[in-house]
Amino acid sequence: MTHRSSRAEVRNPVLGLPAARLILAMPADIRTLLAVLLLDLAADSRRRARSSWDSRKAFVAAYWATVAVYAGHIARILGGAGRRAASRKPFRVMQSGFPELAAANWADASKLYCERRDRSGLGASMFPEALLLIAETPVGRISYNGRIWLPGEWEPDAEPLYDNRLPADR
């Protein structure tokens, strides 16, 4: 007899929802992409919850903590969550004329690109931008300055997905 607390749908209530079965039926590369993005969302939400709590904004902290919990639950359904996923490097940095790099997260991808740029000695006009992928899906583009943007052409009012000028705990 399995104890109630050992059942998966008790530990992760989202598994009991009908949509969870549909999530499990999605192609593996889409599940991987969504899992990585949801883990990122969960981490950002936990940081916002801590910051709100430190600012004595309890209701806002509770909101962000809840977002973090559900993002984590859904990521676990997708199969890319948990402590094992933290050691994986789901981001692929693809750059013309250079071997592919594997990165753990946005910051790691930016750092690896910048290290390669600095070692190359090439200027902005000669050192190519990189495409950032999760599975086979482009999720970003790394510019010469190490910032990560949405894939595609740069727009004048665009904001980076990741800005390496900001502290990592932003």
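See above for the structure.
Keep in mind the model is a prediction, meaning the values are calculated, not measured.

1. Description of the overall build of the protein
The number of helices and strands found in the protein is six helices and five strands. Beginning at the N terminus, the succession of helices and strands in the protein can be written as α-α-α-α-α-β-β-α-β-β-β. Once local pairs closer than 6 in sequence are excluded, the contacts in the protein between residues at least 24 apart make up 45%. Surface summary for the protein: the accessible area is close to 11000 Å², and the carbon and sulfur share equals 57%.

2. Details of the pairing of strand β3 (residues 130-134)
Most of β3 is tucked away, with four of its five residues classed as buried. The pairing of strand β1 (residues 91-94) with β3 spans four bridges and is classified as antiparallel. When the bridges of β3 are listed, Phe91 appears paired with Ile134. Two successive antiparallel strands, β3 and strand β4 (residues 137-142), enclose a turn made up of two residues, where Ala135 displays a positive phi of approximately 55°.

3. Here we look at the pattern of salt bridges
For the structure shown, the criterion picks out eight salt bridges. One salt bridge connects Asp118 with Arg117, and the closest N-O pair in it is separated by 3.0 Å. For Asp118, a relative accessible area of 53% gives the class exposed. For the salt bridge of Arg165 with Asp163, the shortest nitrogen-to-oxygen distance reads 2.7 Å. Owing to a relative accessible area of 9%, Asp163 belongs among the buried residues under this scheme. Via salt bridges that share partners, Arg92, Glu100 and Glu136 belong to a single interconnected network.

4. Looking at the packing of aromatic side chains
As enumerated under the stated definition, the model contains six aromatic pairs in all. Positioned above the aromatic ring of Trp64, the side-chain terminus of Arg48 is 5.0 Å from the ring centre. Taking NZ or CZ as reference, Arg117 lies 5.3 Å from the ring centre of Tyr144, over its face.

5. Digging into the environment of Arg116
As for its placement among the helices and strands, Arg116 is situated in helix α6 (residues 106-120). On the accessibility criterion, Arg116 (6% relative accessible area) is buried. Not counting chain neighbours up to four residues away, the residues in contact with Arg116 comprise Gln95, Phe98, Pro99, Leu101 and Phe127. At 2.6 Å, the side chain of Arg116 forms a polar contact with the backbone oxygen of Pro99.

6. Some thoughts on the sheet that holds strand β5 (residues 148-149)
Within the open sheet, the five strands sit side by side as β2-β1-β3-β4-β5. Their pairing is antiparallel. One side of each edge strand has no neighbouring strand; the edge strands of this open sheet are β2 (101-103) and β5. Strands in contact with helix α3 (residues 28-54) are β1, β3 and β4; relative to β3, the strand with the most contacts, it is inclined by about 100°. Contacting β1, β2, β3, β4 and β5, α6 runs over the sheet at an angle of about 145° to β2.

7. Remarks on the nonpolar core
Phe91, Trp106, Ala109, Leu132, Val139, Ile142 and Ile148 are the most contacted members of the largest nonpolar core, which has 18 residues in total. When contributions to this core are tallied by element, the ones reaching two or more residues are α3, β1, α6, β3 and β4. A total of five residues in this core trace back to one element, the largest contributor, which is α6. In contact with Phe91, other than residues within four places in its own chain, are Val36, Leu101, Ala102, Ala103, Ala104, Asn105, Trp106, Leu132, Leu133, Ile134 and Val139. Ala20, Ala35, Ala42 and Ile77 belong to the second-largest nonpolar core, a separate cluster that totals ten residues.

Criteria and thresholds
Residue numbering note: each chain is counted from 1, following its sequence as written. With pLDDT at 70 or above as the cut-off, local features in this predicted model cover only qualifying residues; side-chain atom pairs require 80 or more to be listed or tallied, and sums for whole chains, interfaces and linings still use all residues. To obtain the side-chain values, all non-hydrogen atoms of the structure were used and water was disregarded. Here a strand is any run of E in DSSP of at least two residues, a helix any run of H or I of at least four, and the numbering for each starts at the N terminus. Residue contacts are defined here by distance: any two heavy atoms, one from each residue, within 4.5 Å place the two residues in contact. Per-residue and other accessible areas were derived by the Shrake-Rupley procedure at a 1.4 Å probe size, with only the shown protein chains allowed to occlude residues. Classification of residues uses two cut-offs on accessible area relative to the type maximum, computed with a 1.4 Å probe and protein chains only: under 20% is buried, over 50% is exposed, and between them is partly exposed. Here a strand pair is declared whenever DSSP counts at least two bridges between the two strands. Salt bridge, as used here, is a side-chain nitrogen of Lys or Arg placed within 4 Å of a carboxyl oxygen of Asp or Glu. Two rings from Phe, Tyr or Trp (for Trp, the six-membered ring) form a pair when their centres are within 6.5 Å of each other. A pair whose planes differ by under 30 degrees is stacked, one over 60 is edge-to-face, and the rest are tilted. Two limits define a charge over a ring: the Lys NZ or Arg CZ must be within 6 Å of the ring centre, and within 35 degrees of the ring normal. Polar contact criterion, stated in full: a pair of N or O atoms within 3.5 Å, where within protein one must be able to donate a hydrogen and the other to accept it, and residues adjacent in sequence count only if both atoms are side-chain atoms. Interaxial angles span 0 to 180 degrees and are taken between N-to-C directions of axes, which are lines fitted to C-alpha atoms, for helices over the stretch in contact. Here, nonpolar core means buried Ala, Val, Leu, Ile, Met, Phe, Trp, Tyr and Cys residues that are tied together by side-chain atoms lying within 4.5 Å of each other.

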